[in-house]
There are 2 protein chains.
Amino acid sequence: MMKKGEHTNIKESPLFWPANVKGNVLWVLDETLIPQRLHYIKVHNLRESVNVIRRMKTRAFGQFLVVMNTFLLEMNKVGTAQCAIPTARMLKRVKKTAAALNNSRPTFPFPEVTSIVVNWAETALKNNLEIRPFVSKNIMGYLAGIRARRLERVCKIADVIRNGDSLLTHCNVSGELAMAASICQQQGKEIHFFATETRPYFQGAKLTCWELKRVGAKVTLIADNAVGSVMADGLVNKVIVGSDRSCANGDFANKIGTYQIAVLAEEFGIPFYVLTQPSNKVKKGSDIPIEIRKAKELLIHSGKRIVRGPVDGFYPGFDIVPHKLVTKAIAIDVN
Amino acid sequence: MMKKGEHTNIKESPLFWPANVKGNVLWVLDETLIPQRLHYIKVHNLRESVNVIRRMKTRAFGQFLVVMNTFLLEMNKVGTAQCAIPTARMLKRVKKTAAALNNSRPTFPFPEVTSIVVNWAETALKNNLEIRPFVSKNIMGYLAGIRARRLERVCKIADVIRNGDSLLTHCNVSGELAMAASICQQQGKEIHFFATETRPYFQGAKLTCWELKRVGAKVTLIADNAVGSVMADGLVNKVIVGSDRSCANGDFANKIGTYQIAVLAEEFGIPFYVLTQPSNKVKKGSDIPIEIRKAKELLIHSGKRIVRGPVDGFYPGFDIVPHKLVTKAIAIDVN
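Overview of a nonpolar patch on the surface
All names here are of chain A.
Next up, step 1: Where nonpolar side chains cluster on the molecular surface, the patch consists of W27, L38 and Y40 and spans about 260 Å² of accessible area.
Next up, step 2: Tracing the sequence through the fold places L38 in the loop between β2 (25-29) and β3 (40-43).
Next up, step 3: Looking at L38, the relative accessible area reads 47%, which means it is partly exposed.

In structure tokens form, the structure reads like this:
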């Protein structure tokens, strides 16, 4: 493990912390514009937050940040209102915010996150504390803690990577892999990445290649269908992927395609690492609801229809990797 | 097996016979324009033929047809010349044509095909026959035989398909699967197809979905990375793919992605069928040279760059499936 402070000059990837509240505006990195543009969407209210989530402007950890920051935004807006809102109405407002966020998309565990904030509001009420400052301070402290623990996980990832490694990754792990690559460079490790394209959104091609290149790492893009081939040719010796949701038994959900990479890694005896946020809320993978996205997301690319006629597309947004295929979970504790 | 004549009203897919000589013009279906347009490229000479192959305007069986028909085109051009070409010069011309075609792309077994024509020319010379009509008649007879045997294979495919089947296919098998689906419909079999997109050219999305829909078959498009997921969910009970090159031991080469589908099919105990053209020219899969295509074919889509900056892409055009992963080869004999 690295010594403390040794990685203080690591350049932060914009994807590491893609949403932040300043005053009455929540700034959300529009990940769909990367690598063409580095642009932040200004979110002013709950409705706009839900919209940003539904349109997948941000994903995974970014979604978590948007959820937490949306409560902060709502608190800040009340703070600037001329009349203080009565406590009971404030709790109602927090619960309304939670409900709207919970209903935005099925796979991400929104209720697990929003219930934390609702509990804080209820705790404040029980203890005769003003809800707004109590919840706001809790959110800010909570996020600061997560930030520190994610930086720790970046170091854990760098520890797993050895000199000479060729690592395959899928989709995008929100800045952490690029920052770990940056640490590895400072440690003098020669490493190489294969990034899958990750159809249909091309997060691997657009985000992972972009942020790995930003830190000067070597990265080669492959189509999702070339994973078996590069493994068979001995071009990959480790797999590191993220997770959108973890189960008590070690199963996890991640971007569609992760599962087949895990099966192929096992076939070739390649160690398979996953970045997780341990949770006991869901027992096993089959309990996770899989979001089926609209077929048009497969059928249309860059505004142009790939397939003509009434062809159906089936686009499960995620798949489940059973724990038996995981060599090691590189964990973060969000609680 | 179907009785003879039972499938005479099968609608032929344009992909089944995508290249044909009429007089001094070789008409080649531009598969890159499908499904937007059904357009045939006019090829007038050897240079244009090689160009059509290099630019992947046609693939697999289409390439074979282009090769054979290029000789026919060259013969026809000579036939219309005012002076008959001396026999020795004619043989030289056939060999020059063969050499140019052999050097057009590495993975497809061009020498295996062109050597057949060169042998005919040499046989004619040995037997004091005029090369031009001898070779032309042989090519036409040979192609007619292949056409009949491919129609037979279409029936064999239909035989393998059972009522209620849900079949996964990858890339495109040049009309045969669609025509088999058409037979199945007439036999009253209720079947369904999953077609993989097949990055980076989207042959599955553009060709397979298009031709299956043309015959009224049910087809659902999935991303290449969703294969493991649909198999895990029990949505597929058979895999049928084509092959670009077969080996004596039963290994075969096909579009990149075929190999990992074969591994996943075995993982789930799903029967894996491959359409082959048996050949003893190559002993085993590892003897097949794999063409590495240009990275820009991954990085640019619809003329738009997906990834910014100096990111490398690795695009092996094909991969090798070892025979142990094949449940049954549905064979055609080209010799």
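Anyway, onward from the coordinates.
Regarding the sheet that holds strand β6 (residues 218-222) of chain B
Sheets are built from strands paired through backbone hydrogen bonds, the pairs being either parallel or antiparallel.
Next up, step 1: Taken in spatial order, the seven strands make up an open sheet running β14(A)-β6(B)-β5(B)-β4(B)-β7(B)-β10(B)-β17(B), and their pairing is parallel. With partners counted over all chains shown, the strands left at the sheet margins are β14 (312-313) of chain A together with β17 (328-331) of chain B, one partner each.
Next up, step 2: Direction of pairing for strand β5 (residues 192-196) of chain B relative to β6(B): parallel, over a ladder of five bridges. Paired with H192(B) across the strands is K218(B), a residue of β6(B).

Some points on the domain arrangement of chain A
Size of an interface: often given as the accessible area lost when the parts come together.
All names here are of chain A.
Next up, step 1: With domains assigned, chain A is organised as domain 1 (19-148) and domain 2 (152-331).
Next up, step 2: The distance between the C-alpha centroids of domain 1 and domain 2 comes to 27 Å.
Next up, step 3: Between domain 1 and domain 2, the contact holds 16 residues from the first and 22 residues from the second.
Next up, step 4: Taking both sides of the interface into account, the surface hidden between domain 1 and domain 2 amounts to around 1800 Å²; carbon and sulfur atoms contribute 54%.
Next up, step 5: Here domain 1 and domain 2 share two salt bridges between them.
Next up, step 6: Between R105 and E291 there is a salt bridge, with its nearest N and O atoms 2.9 Å apart.
Next up, step 7: Counting across the domain 1 and domain 2 interface gives five residue pairs in polar contact (both at pLDDT 80 or more).
Next up, step 8: Looking at the side of domain 1 that touches domain 2, its residues break down into 10 nonpolar, one polar and five charged.

Considerations on the environment of Q277(A)
Next up, step 1: Take Q277(A): it is sitting in the loop between β10 (272-276) and β11 (292-293).
Next up, step 2: Separated by 216 residues in sequence, Q277(A) and F61(A) have C-alpha atoms that sit 10 Å apart.

A word on a negative patch on the surface
Next up, step 1: A cluster of acidic side chains, namely E266(A), E267(A), E266(B) and E267(B), defines a negative patch on the protein surface.
Next up, step 2: Note on placement: E266(B) falls in helix α9 (residues 258-267).

Details of the packing of aromatic side chains
Next up, step 1: According to the stated counting rule, one finds 15 aromatic pairs over all chains in the structure shown.
Next up, step 2: Positioned over the ring face of F61(B) is R150(B), at 3.6 Å from the centre of the ring.

Remarks on the sheet that holds β2(A)
Residue and element names in this part refer to chain A.
Next up, step 1: One open sheet holds the three strands; their spatial order is β1-β2-β3, and the pairing between them is antiparallel. Two strands bound the open sheet, and with one partner strand each, they are β1 (19-22) and β3. Each strand axis lies, on average, 25° off the axis of its neighbour in the sheet, ignoring direction.
Next up, step 2: Bridging between β1 and β2 involves four bridges; their strand directions are antiparallel. Following the sheet pairing, N20 is matched in β2 by W27.

About the criteria used
- Residue numbering note: each chain is counted from 1, following its sequence as written.
- Note on labels: chains are lettered from A, ligands numbered from 1, in written order.
- Thresholds applied to this predicted model are a pLDDT of at least 70 for local features of residues and 80 or more for the giving and counting of side-chain atom pairs; totals over whole chains, interfaces and linings are not thresholded and use all residues.
- Note: side-chain values were computed over all heavy atoms of the structure, leaving out hydrogens and water.
- Patch membership requires more than 30% relative accessible area and the absence of a salt bridge. Residues of like charge join within 9 Å; the nonpolar side chains Val, Leu, Ile, Met, Phe, Trp and Tyr join within 5 Å.
- For accessible areas, the Shrake-Rupley method is used with a probe of radius 1.4 Å. Any residue's cover is judged against the shown protein chains and nothing else.
- The working definition used for a salt bridge is a side-chain nitrogen of Lys or Arg within 4 Å of a carboxyl oxygen of Asp or Glu.
- For helices the rule is a DSSP run of H or I covering at least 4 residues; for strands it is a run of E covering at least 2, with both sets numbered from the N terminus onward.
- Burial classes follow relative accessibility: with a 1.4 Å probe on protein chains only, a residue under 20% of its type's maximum area counts as buried, one over 50% as exposed, and anything between as partly exposed.
- Any two strands with at least two DSSP bridges between them are considered paired.
- What counts as a domain boundary in this text is fixed by an automatic or database domain assignment.
- Here, residues are in contact when the closest pair of their heavy atoms is within 4.5 Å.
- Two parts placed together each lose some accessible area under a 1.4 Å probe, and adding up what both lose gives the buried area.
- Identification of polar contacts relies on pairs of N or O atoms within 3.5 Å, with a donor-acceptor requirement for protein atoms, meaning one able to donate a hydrogen and the other able to accept it, and with residues adjacent in sequence counted only if both atoms are side-chain atoms.
- For this classification, the nonpolar set comprises Ala, Val, Leu, Ile, Met, Phe, Trp, Tyr, Cys and Pro, the charged set comprises Asp, Glu, Lys and Arg, and every other residue, Gly included, is treated as polar.
- In this tally, Lys and Arg are treated as positive and Asp and Glu as negative; His is ignored, and so are the chain termini.
- For the purpose of locating charges, the reference atoms are NZ of Lys, CZ of Arg, CG of Asp and CD of Glu.
- Classification of ring pairs rests on two measures: the distance between centres of Phe, Tyr or Trp rings, Trp counted by its six-membered ring, which must be within 6.5 Å, and the angle between planes, read as stacked under 30 degrees, edge-to-face over 60 and tilted in between.
- Whether a charge lies above a ring is judged from NZ of Lys or CZ of Arg, which has to be within 6 Å of the ring centre and within 35 degrees of the ring normal.
- Between N-to-C directions, angles cover 0 to 180 degrees, with each direction set by a line fitted to C-alpha atoms, over the stretch in contact for helices.

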